[in-house]
Amino acid sequence: MEIYRAILCSYVFSWIYILSSLPLTLSYRTTKVFNFAHPIFITYGAYVVIIVNEVLGREIPLAVAVFLAFVVGGLVSLISHLLVFKPLSYQRVSSNVYMVTSMGLWFIYQYVLYIVCQLLTRRYDVNFLSYSTIEYKDVRFLQDVLGLNSMPQYTITATLIGVSVGVALYILFNKTVLGLSLRGIADNASLVAICGVPINRLVNLTWFLVGGITALSGVIWVNFSGSTTPDLGLNIVVDNFAAAFIGGLYSLPITAVASIVLALIENMLLAVLNYYFGVQPTVRIAIVFGIVLAILVARPPMGAGGGLPYRFIKRVSRK
Amino acid sequence: MIDITGFLINWLEYFAIYAILAVTLSLESGISGITNFGKVAFFGLGAYLGAIINTYLLLAISGVDVVKAPPYTAEGVIALIEISTLNPALVLGVFTLSILVSFIVTGVFGYLLTYPIIRVGSGFVGFTLLCVGEVLRGIYVNMEFVGGTNGMLGIPQPFIWLGIPMLSGLCYLLLSVTILALTYIVTDRILGSPLGRTLRSIRDDDIAALCLGKDVPKIKSKIFFLTSGFSGVAGTLYACYVSSVNPQMFVTLVTFNVWAMIIIGGSESPIGAIIGALILTLIERILPLIASLNEYLPFTPDYLRPVFIGLIMTIVLIKYPRGLISMKPPKFIKSAVEELIREAS
Amino acid sequence: MPPIAGKRLLALIFATLVIGLIIGYSTGYYVGGLGTPQTGGVSERTYTLGVTFALSGAVSSVCVQWEPVVRMAIDDLNNLAKSMGLNIVFKPHILDDGGTADGALKNVQTLYATGVRIVIGPALSSQVKAVKAFSDSNKLIIIAPCSNSPALAIRGDYIFRTQPSALGESKALAALAVQEGLKSVVSFHLNDEFCNVFAQSFKKFFEESGGTVLYDLVYQSGQADYGSDVASLASWVAKLNPDAVFYCGYATDGANVLTHAADEPTLRGVRWLTVEGFYGASEVLTHKVVDFARAVKMIGIRPVPITNPLYDEFVEKLKKYGAAPTLCSENVYDAVMIAGLAVLRAGGSSDPDVLRRALIEAAKTYYGPGGWGLFDENGDRLQASFRLWTMAFVNGTYQYVDIGHITDSNIVIEKKL
């Protein structure tokens, strides 16, 4: 069995899911907003790189792509918060209202992107609605220097971005006062406010970080996949949510593990099932969601979104 | 000339089907606290059951060999078209059966599903049900019996034999509206009963309700049986209306559309759900007019349609987070309506 | 002031909406010129042709390229009408259905309500199926430019298709495979009606000609990436050692699949045969993929007659509208032209039966970029000759190039791969 590509896909998808699911959990923990428009940040991250790459001529460096995607993703996220989620939070709305409003935001962002792509397609005579791959010239330089030319570029891109973000988040949340305050808001916002921490500013910062980090998945995506469309976020939205839900919308380590497990199921497991048991890849949806369902039922998450799980009912009623 | 009657029939047909889903979702989510992100699972199951019964059974009773001419082939479709125009009693009988079977099977499916699903805790029930919808869609894609990814075609609309499209459409609309009214009455009765109060208490604090001796899982299961059953019926109505089904019709986006309806209208009341369904289905129909701006815009004008829908959803919810049902109308409209109602009564 | 009761609010909203609906549509009717036919000026009549394409969603990359084609065809129709001294102006009313069955049905119903009697589209067979019942019962003519489902080959209905049947094309491709000395094939295609039909009919004809389809690997649409499916394909190719891979996919998934396949040494070691699914897609034309196409001597087939100067003229003219030919774009042009000619032949009549008869007659004498317009008894276009194509680096750019043709009895490859 030619397992090499399946391993590579699993690896890259793991990073893509981690970089998009962790911020989703982070935003829920901090703000209690379940943002359905979250995967649009991936799409915007990918598209800002594509647009700049085409407008400025080919061969954008990874460093520039990361900076632009982070800023644009962060700004889109921050604007969503300031214009929509913040006014809603003043009215103490239910989580369902946040959810449906974020769906409305999603429609707006998605189709504004369609309009932008169409205008750019006409202006630059390049199909922005379905775009091929981008190679980062600084990563190629790094490959040349380190003698890693036999490795696909996207594995190096994914590793660089993933590890950097991981280290940065670790330092932020464990070694800085700012990070500790952010964690504090997630656990008990009122208490943190009493301590004199400017909650509003920190919540704004959280939204910016959430959008920015998620957009970095898009930077990996355009280097990895042969096609990027405005529907990119839509196509991976449910996988994203699956990872976050398995992590209970609370635990960052479990969310990360769930991202890796999902990537392995979608790539390795399906390839193995196909090769050894003749199962067609068309069963992907059924298998992936069947497993997610089984995980959720067998090991119900105890995180932020759960009430008293009814697995305790028998014990309660017996007593 | 613009065909207002035809437009209204087509729009209201969609509205009736979606309103059934919205009313049941408001009973589940807005009133009973079961966050159902898997609405499309029951809708799709009902549609597929309706499609299977109204094609396979109809062909089999009429003596067509369904192995040689299954309903997803041209031969099967041609046979179905002939049967549906020539044998009204049979078509109506099989359709009635399909409605009953859809109600019972999707209802039982919902009932049985509650027990494993409820284990995951109220915050996660929604996503777990969403997974159920996706698993079912994955199954339809791989079932050759229902046409796989190609789906099924030729599902007869039960009044097609009338021969006049407007008349058959009107009859089907009346039937759909009757089922919507039935759904509404059942929901309304539940709300006004002690069960309704129990449901609200469960929604507000299920642990407190549990501690007060209410058998929360059992009550939720009963409600889920009823709402799933009606959703299945909506699915069958939809399948017969469109005359075809395929797995791509039952994606998660359908669920979110229904959610948008109940949240915009007001999730805690079936009337709010109906208002939401009415508004969103109408907006979808009206907005294609934007496309007439073709000559003036440098991009596809129809892209503005979802942008407007998104804007309406966002603005309405920021202004009225409890839904339009909480809207305070301008004084002059309120007094005019009250005047009208007074006169009418 | 307390909130008003829900039932009253419902009544109020309902009444407002219905009044708004009537006002809105009346405004739209006069402002947008949606009615058909409509009298404007002294004696000029406007005839609106409805169009519903997947301008967003999974196949939007292909369908957005059809929009300029529609405008070009409408301009040509108007020039034709003018040259004939007819006071009729054609207008398109283009709607986006997102590639969904539900969207297509809603659009078709809306178009019908505004008076449209001929609709071009929808794109996918699943969508055509969803609009079929409405089309038949209301006698609304649908001309689908890219549907090839055999389940829709139904005599006497109101569905017409300008995409020729996949059977002839698959038979020709099977004959080509045999001529090229290919004895065994692994089939790899999208789980979509368009590609399923091609894969099944290719298998049938190839095996009838003595070849073998060793394995049929099907991948599901709607995913973000298909890398793991390509990995599975590589595994089967390594295990079964076929002479070629038969591939069918569209633009977006095609670009993804071929980009991943280009990295697989196993997949570079076999020939690749394909159909017109991703023909014309610019996102496929990267250095990596074109190099891969050269390495695997990729040959594609598409249902365009070889000796047709109208097609070359169509391609040139389309450039002025900022587009290039893609999957079915010539069929879109022909669909609009046949629809317009039918309207002219019917004298602008809105009677569906008159229009239907006029359409069939107009198609009999129509010859466009896609060849003869003639429909068979099921309303499907007849086609017997095909072009062969590949991707190459020509005149400093990556391009799709025609390399040969297939007619009834001849397979000619003019350019060396």
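Residues numbered from 1 in each chain as written. Chains lettered and ligands numbered in written order. Predicted model: local features only at pLDDT ≥ 70, side-chain atom pairs only at ≥ 80, totals over all residues. Heavy atoms only, no water.

J.: For the overall build of chain B, give the residues involved together with the corresponding values.
T.: The number of helices and strands found in chain B is 13 helices and 2 strands. Against the globule reference of 20 Å for 345 residues, chain B gives a C-alpha radius of gyration of 21 Å, in line with a compact fold. Here the contacts in chain B between residues at least 6 apart in sequence split such that 76% fall between residues at least 24 apart. A total accessible area of about 12100 Å² is found for chain B, and carbon and sulfur atoms account for 69% of it. Side chains of chain B carry 20 positive and 20 negative charges; the gap between the two charge centres is 12 Å. (Helix = DSSP H or I, 4+ residues; strand = E, 2+ residues; numbered from the N terminus. Rg over C-alpha atoms; globule rule 2.2 N^0.38 Å. Contact = heavy atoms within 4.5 Å. Areas by Shrake-Rupley, 256 points an atom, 1.4 Å probe, with all protein chains shown as cover. Lys, Arg positive; Asp, Glu negative; His and termini not counted. Charge placed at Lys NZ, Arg CZ, Asp CG, Glu CD.)

J.: Now, about the layout of surface pockets: what can you tell me, with residues and values included?
T.: Empty space within the second largest pocket amounts to approximately 1000 Å³. If you go around the second largest pocket, you meet 44 residues; those closest to its centre are Ser94(A), Ser95(A), Asn96(A), Ser29(B) and Thr35(B). Mapped by element, the contributors of at least two residues to the lining of the second largest pocket are helix H4 (95-124) of chain A together with helix H1 (4-31), helix H5 (122-141), helix H7 (194-204) and helix H8 (206-211) of chain B. (1 Å grid on protein atoms, 1.4 Å probe; cavity = no way out; pocket = protein on both sides within 12 Å on 5 of 7 lines; lining within 4 Å. Points joined across faces, edges and corners; volume = space filled by probe spheres on them.)

J.: Outline the packing of helix H10 (residues 252-277) of chain A against helix H8 (residues 227-240) of chain C, supporting the account with residue identities and numerical values.
T.: One can describe the packing of H10(A) onto H8(C) by two numbers: an axis separation of 9 Å at closest approach and a directional angle of 30°. Classified by the interaxial angle, the pair formed by H10(A) and H8(C) is roughly parallel. The handedness of the crossing between H10(A) and H8(C) comes out as right-handed. Along its contact with H10(A), which presents Glu266(A), Asn267(A), Ala271(A), Asn274(A) and Tyr275(A), the element H8(C) presents Ser228(C), Ser232(C), Ser235(C), Trp236(C) and Lys239(C). Grouping the amino acids of the contact of H10(A) with H8(C) by side-chain chemistry returns 3 nonpolar, 5 polar and 2 charged. (Axes fitted to C-alpha atoms, helices over the stretch in contact; angles between N-to-C directions. Parallel < 35°, antiparallel > 145°, perpendicular 65-115°, else oblique. Left-handed = near helix turned anticlockwise from the far one by under 90°. Nonpolar A, V, L, I, M, F, W, Y, C, P; charged D, E, K, R; others polar.)

J.: Tell me what's going on with unusual backbone geometry, and back it up with residues and numbers.
T.: A negative phi angle is the norm for most residues apart from glycine, just as the trans form is the norm for most peptide bonds. Look at the link from Gly121(C) to Pro122(C): it is a cis peptide, with omega at 0°. Here Pro122(C) shows up in the loop between strand E4 (118-120) and helix H5 (125-138). One non-glycine residue, Ser243(B), lies in the positive phi region at around 70°. One can find Ser243(B) in the loop between helix H9 (216-242) and strand E2 (244-245). Taking the relative accessible area as the measure of exposure, Ser243(B) reaches 7% and is therefore buried. (Buried < 20%, exposed > 50% of the residue type's maximum accessible area, 1.4 Å probe, protein only.)

J.: Describe the confidence of the model for chain C, listing the residues and the values that go with them.
T.: Across chain C, pLDDT averages 87, with 89% of residues at or above 70. Across residues 27-42 of chain C, where pLDDT falls below 50, the model places 39 contacts with residues more than four positions away in sequence or in other chains. (pLDDT = per-residue confidence, 0-100.)

J.: Break down the nonpolar core for me, citing the residues and quoting the values.
T.: Within the largest apolar cluster, 350 residues are counted, with the highest numbers of intra-cluster contacts made by Val49(A), Tyr136(A), Phe127(B), Trp272(C) and Met391(C). It is H4(A) that provides the largest number of residues to this core, a total of 16 residues. Residue assignment places this core across two domains, with domain 1 (35-164 + 310-372) and domain 2 (166-302 + 385-413) of chain C each supplying three or more. In this view, Met391(C) contacts Phe278(C), Val284(C), Leu285(C), Val289(C), Val290(C), Ala293(C), Met298(C), Gln399(C) and Tyr400(C); residues no more than four positions away in its chain are not counted. Ranked by size, the runner-up nonpolar core spans 11 residues in total, among them Ile190(B), Leu210(B), Ile219(B) and Ile223(B). (Core = buried A, V, L, I, M, F, W, Y, C linked by side-chain atoms within 4.5 Å. Domains from an automatic or database assignment.)

J.: Break down the sheet that holds strand E15 (residues 397-406) of chain C for me, citing the residues and quoting the values.
T.: All names here are of chain C. Here we have 8 strands laid out as an open sheet, ordered E8-E7-E9-E10-E11-E14-E15-E16, and mixed in their pairing. Two strands close off the open sheet at either side, each with one partner strand: strand E8 (212-219) and strand E16 (411-413). Strand-to-strand twist of the sheet, defined as the mean angle between neighbouring strand axes without regard to direction, takes the value 25°. The pairing of strand E9 (residues 244-248) with strand E10 (residues 271-274) spans 4 bridges and is parallel. Pairing of Ala 244 across the sheet is with Arg 271, part of E10. (Pairing = 2+ DSSP bridges.)

J.: I'd love a proper account of the packing of H7(B) against H9(B), names of residues and values included.
T.: Residues and elements named next belong to chain B. With their axes 11 Å apart at the nearest point, H7 and H9 run at an angle of 115° to one another. The two elements H7 and H9 meet at a crossing, and its hand is left-handed. Where H7 approaches H9, its residues Leu 195, Thr 198, Leu 199 and Ile 202 are matched on the opposing element by Val 216, Ile 219, Lys 220 and Ile 223. Looking at side-chain class alone, the contact of H7 with H9 contains 6 nonpolar, 1 polar and 1 charged residues.

J.: Lay out the environment of Ile142(C) with the relevant residues and their values.
T.: Residue and element names in this part refer to chain C. Mapping Ile 142 onto the fold places it in strand E5 (residues 141-144). For the pair formed by Ile 142 and Phe 160, sequence separation is 18 residues and the distance between their alpha carbons is 6.1 Å. The contact partners of Ile 142, leaving out residues within four places of it in the chain, are Val 108, Val 119, Gly 121, Pro 122, Val 131, Ser 135, Tyr 158, Ile 159 and Phe 160.

J.: Give me a nonpolar patch on the surface: which residues, what numbers.
T.: Residue and element names in this part refer to chain A. A surface patch of nonpolar side chains, about 500 Å² in accessible area, is lined by Met 1, Ile 3, Ile 7, Tyr 276 and Phe 277. Note on placement: Tyr 276 falls in helix H10. On the accessibility criterion, Tyr 276 (54% relative accessible area) is exposed. (Patch = residues over 30% accessible without salt bridge, like charges linked within 9 Å, V, L, I, M, F, W, Y side chains within 5 Å. Salt bridge = Lys/Arg side-chain N within 4 Å of Asp/Glu carboxyl O.)

J.: Got a sec to walk through the side chain of Thr114(B)? Specific residues and values, please.
T.: All names here are of chain B. Note on placement: Thr 114 falls in helix H4 (residues 88-118). At 3.3 Å, the side chain of Thr 114 and the side chain of Ser 221 are in polar contact. In this structure Thr 114 touches Lys 220, Ser 221 and Phe 224, once residues within four positions along its chain are discounted. (Polar contact = N/O pair within 3.5 Å; in protein donor to acceptor, adjacent residues only side chain to side chain.)

J.: Mind laying out the interface of chain A and chain C, listing which residues take part and the relevant values?
T.: Across the boundary between the two partners, chain A contributes 36 residues, which contact 42 residues of chain C. The three residues of chain A that bury the most area against chain C are Glu2(A), Arg5(A) and Tyr275(A), which together make up 22% of that side's buried surface. Our count for the chain A to chain C interface comes out at 3 salt bridges. One salt bridge connects Asp229(C) with Arg284(A), and the closest N-O pair in it is separated by 3.3 Å. At the junction of chain A and chain C, the tally comes to 19 residue pairs in polar contact (both at pLDDT 80 or more). Counting only elements with at least two residues in the side of chain A that touches chain C, the list comes to helix H1 (4-31), H4, helix H8 (199-224), helix H9 (232-246) and H10 of chain A. Class assignment of the residues belonging to the side of chain A that touches chain C gives a composition of 15 nonpolar, 15 polar and 6 charged. (Buried area = accessible area lost by both parts, 1.4 Å probe.)

J.: Run through the pairing of E9(C), naming residues and quoting values.
T.: When you tally the buried positions in E9(C), you get 5 out of 5 residues, the bulk of the element. Residues Ala244(C), Phe246(C) and Cys248(C) point to one face of E9(C) and Val245(C) and Tyr247(C) to the other, with burial holding for every one of them.

J.: Give a detailed account of the state of the cysteines, specifying residues and quantitative values.
T.: Residue and element names in this part refer to chain C. Applying the stated criterion to the full structure yields 2 disulfides over all chains. Here Cys 146 connects covalently by a disulfide to Cys 328, the sulfurs 2.0 Å from one another. Torsion about the S-S bond of the Cys 146 and Cys 328 cystine: about 65°, corresponding to right-handed handedness. With Cys 146 in the loop between E5 and strand E6 (159-161) and Cys 328 in the loop between helix H12 (309-320) and helix H13 (329-345), the pair connects residues that are 182 residues apart, well separated along the chain. Cys 146 gets classed as buried once you look at its relative accessible area, which sits at 7%. (Disulfide = S-S within 2.5 Å.)

J.: Give me the lowdown on empty space enclosed by the protein, citing residues and values where you can.
T.: Residues and elements named next belong to chain B. Taken as a whole and assessed by the stated rule, the structure comprises 5 cavities of 30 Å³ or more. As a volume, the second largest cavity reaches approximately 90 Å³. Every residue lining the second largest cavity is counted, 12 residues in all, and those nearest its centre are Ile 34, Thr 114, Ile 117, Ile 118 and Val 125. Looking at the lining of the second largest cavity element by element, the count peaks at 4 residues for H4. Here the residues of the lining of the second largest cavity sort into 7 nonpolar, 4 polar and 1 charged.

J.: Explain the domain arrangement of chain C to me, and be specific about the residues and the numbers.
T.: Residue and element names in this part refer to chain C. As far as domains go, chain C holds domain 1 (35-164 + 310-372) and domain 2 (166-302 + 385-413). With 19 residues of domain 1 at the interface, the matching set in domain 2 holds 17 residues. Considering only the side of domain 1, the residues that lose the most area to domain 2 are Asn 148, Tyr 311 and Leu 327, jointly responsible for 36% of the buried surface there. If you look at where domain 1 meets domain 2, you find 2 salt bridges. Linking domain 1 with domain 2 are 7 residue pairs in polar contact (both at pLDDT 80 or more).

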